[in-house]
Amino acid sequence: DPQKQFVLAVEALTVSFDGFKAVNDVSFYVDENEIRVIIGPNGAGKTTVLDLICGRTRATSGSIKFRDMDLTKMSESNIVLAGVGRKFQNPSIYDDLTVFENLEISFPRGRSVFGALTFRRDAEVRRRVEEIAETIFLADHLDERAEFLSHGQKQWLEIGMLLIQDPDLMMLDEPVAGMSVSERKKTAELLHKIIKNRSVIVIEHDMKFVEDIAHRVTVLHQGKVLSEGSMDRVKHDPRVIEVYLGH
Ligand code: ADP
């Protein structure tokens with residue numbers, strides 16, 4: 001089975017809204033440990049592709065295979081349980097909780113445990129929270145209320161809240177929007193750290209950042225895949241140049 005090597009295999013994916021094909025016969029394949037960036041002009045269908053993968057929007061036709069599972073047949077909550085995490089553009093952190101608490105409440109619930117087991121779970125949660133805080137550059141801010149974090153730190157915290165659930169596939173929508181240059185650099189570093197255990201799909205407009213992170217780039221235009229490959233290949237593709245210069 002040639003699909004076995006891929007974490008995610010999107011094939012002939014199409015969704016129509018009142019006859020308008022927002023995503024039109026899109027196929028792409030994401031490897032283990034790959035950072036895939038989806039770029040394209042506004043309205044190209046980027047957000048809709050992520051909505052389809054996470055089960056927010058139902059495909060009209062086509063398939064989305066995540067390991068052995070067909071996500072087009074699964075509910076949004078089962079897709080999360082299957083190991084697909086999504087971060088939206090606006091942070092959904094709890095402002096009045098500390099960094100520690102924000103991470104703690106995101107720890108997967110699992111089966112209920114009592115007594116000594118609860119104690120062991122608490123130690124495990126603490127260990128994981130500290131590990132994640134280190135990864136997202138917030139180890140020194142664990143007791144700080146989230147509302148006092150910078151914009152960039154809030155974005156990292158939200159990535160941390162996904163990471164603590166240990167997804168195999170993480171999807172990020174414009175993670176560096178509004179960040180300073182140094183925060184962008186650290187976000188690229190963060191993605192390179194976390195990719196060791198998973199695959200990541202990122203929607204991004206900042207081409208410098210895309211160059212820093214992308215293993216491969218998929219260019220969408222009018223609901224279709226216009227070009228795909230390394231950033232170097234894609235940015236010299238005449239079709240891509242035409243679409244971007246035409247804007
Ligand atoms: P992008 O993220 O690349 O900017 P989107 O995926 O948000 O593009 O949108 C692709 C196209 O689909 C746009 O023309 C948008 O207006 C349309 N669209 C997206 N969602 C819906 C919906 N729920 N109903 C109708 N049209 C939609």
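Summary of the structure given here. Source: prediction; values computed, not measured.

So, helix 3 (residues 99-106)
- Along helix 3, the positions that sit buried rather than exposed are Val99, Phe100, Asn102, Leu103 and Ser106. The buried side chains of helix 3 occupy one side of the element, clustering within an arc of 165° when seen end-on.

Overview of the pairing of strand 10 (residues 224-229)
- In the sheet, strand 9 (residues 216-221) pairs with strand 10 via five bridges, with the strands oriented antiparallel. When the bridges of strand 10 are listed, Val217 appears paired with Gly229.
- Where strand 9 hands over to strand 10, the hairpin turn is made up of two residues, of which Gln222 adopts a positive phi near 50°.

Thoughts on the environment of Arg184
- For Arg184, the location among the structural elements is in helix 6 (residues 181-194).
- What makes Arg184 partly exposed here is its relative accessible area of 23%.
- Separated by 32 residues in sequence, Arg184 and Gly152 have C-alpha atoms that sit 8.4 Å apart.
- In contact with Arg184, other than residues within four places in its own chain, are Val176, Gly178, Met179, Asp206 and Phe209.

Overview of the side chain of Glu34
- Along the chain, the position of Glu34 falls in the loop between strand 2 (20-31) and strand 3 (35-39).
- Overall, the relative accessible area of 4% leaves Glu34 in the buried class.
- For Glu34, the side chain forms a polar contact with the side chain of Arg216, separated by 2.8 Å.
- If we ignore the near neighbours within four places in the chain, the residues touching Glu34 are Tyr29, Ile195, Arg198, Ser199, Val200, His215 and Arg216.

Focus on the packing of aromatic side chains
- Using the criterion set out here, one finds two aromatic pairs in the structure.
- Both rings, one in Phe6 and one in Tyr29, keep their centres 4.8 Å apart while their planes meet at 35°; by these two values the pair is tilted. Here Tyr29 lies in strand 2 and Phe6 lies in strand 1 (residues 6-17), a separation of 23 residues in the sequence.
- Classification of Tyr29 as partly exposed rests on a relative accessible area of 26%.
- Relative to Trp156, the ring of Phe137 lies with its centre 5.0 Å away and its plane at 65°, an arrangement referred to as edge-to-face. Pair noted here: Phe137 is in the loop between helix 4 (115-135) and helix 5 (151-163) and Trp156 is in helix 5, with a separation of 19 residues, a long-range link. The pair Phe137 / Trp156 is uniform in exposure class, with both members buried.
- Seen from the ring of Phe66, Arg67 lies directly overhead, with NZ or CZ sitting 5.9 Å from the centre.
- We note Lys186 situated over the ring of Phe137; from NZ or CZ to the ring centre the distance is 4.7 Å.

What to know about the sheet that holds strand 5 (residues 69-70)
- Pairing is antiparallel across the open sheet formed by four strands, whose spatial order is 2-1-4-5. The open sheet is flanked by strand 2 and strand 5, the only strands paired with a single partner.
- Note that strand 4 (residues 61-66) and strand 5 share two bridges and pair antiparallel. The partner of Lys65 across the bridge, within strand 5, is Asp70.
- Sheet strands touched by helix 1 (residues 46-53): strand 1, strand 2 and strand 4. Its angle to strand 2, the strand with the most contacts, is close to 65°.

Some thoughts on a negative patch on the surface
- A contiguous patch of negative charge on the surface is contributed by Asp95, Asp96, Glu101, Glu104, Asp122 and Asp143.
- Mapped onto the elements of the fold, Asp96 is located in the loop between strand 6 (84-87) and helix 3.

Observations regarding the nonpolar core
- Judged by nonpolar contacts, the single largest core of 47 residues is most densely connected at Leu103, Ile136 and Leu157.
- For this core, the element with the most residues is helix 5, which contributes six residues.
- Filtering out sequence-adjacent residues up to four positions away, Leu157 remains in contact with Ile93, Val99, Asn102, Leu103, Ile136, Leu138, Ala146 and Leu149.
- Core analysis: the second largest hydrophobic core is formed by 29 residues, Leu8, Ile64, Phe66 and Met74 among them.

Points about the sheet that holds strand 7 (residues 169-173)
- Pairing in this open sheet of six strands is mixed, and the strands run 6-7-8-3-9-10 from one edge to the other. The outermost strands of the open sheet, each flanked by one partner alone, are strand 6 and strand 10. For this sheet, the mean angle separating the axes of adjacent strands, direction not counted, is 20°.
- Pairing geometry for strand 7 and strand 8 (residues 199-203), over five bridges, is parallel. The partner of Asp173 across the bridge, within strand 8, is Ile203.
- Helix 5 contacts strand 6 and strand 7 of the sheet and is inclined by roughly 165° relative to strand 6.

The rules behind each value
Residues numbered from 1 in each chain as written. Predicted model: local features only at pLDDT ≥ 70, side-chain atom pairs only at ≥ 80, totals over all residues. Heavy atoms only, no water. Buried < 20%, exposed > 50% of the residue type's maximum accessible area, 1.4 Å probe, protein only. Helix = DSSP H or I, 4+ residues; strand = E, 2+ residues; numbered from the N terminus. Arc of directions from axis to C-beta. Pairing = 2+ DSSP bridges. Contact = heavy atoms within 4.5 Å. Polar contact = N/O pair within 3.5 Å; in protein donor to acceptor, adjacent residues only side chain to side chain. Phe/Tyr/Trp six-rings, centres within 6.5 Å; stacked < 30°, edge-to-face > 60°. Lys NZ or Arg CZ within 6 Å of the ring centre and 35° of its normal. Axes fitted to C-alpha atoms, helices over the stretch in contact; angles between N-to-C directions. Patch = residues over 30% accessible without salt bridge, like charges linked within 9 Å, V, L, I, M, F, W, Y side chains within 5 Å. Areas by Shrake-Rupley, 256 points an atom, 1.4 Å probe, with all protein chains shown as cover. Salt bridge = Lys/Arg side-chain N within 4 Å of Asp/Glu carboxyl O. Lys, Arg positive; Asp, Glu negative; His and termini not counted. Charge placed at Lys NZ, Arg CZ, Asp CG, Glu CD. Core = buried A, V, L, I, M, F, W, Y, C linked by side-chain atoms within 4.5 Å.

Spatial relationships are all this shows, so hold off on functional conclusions.
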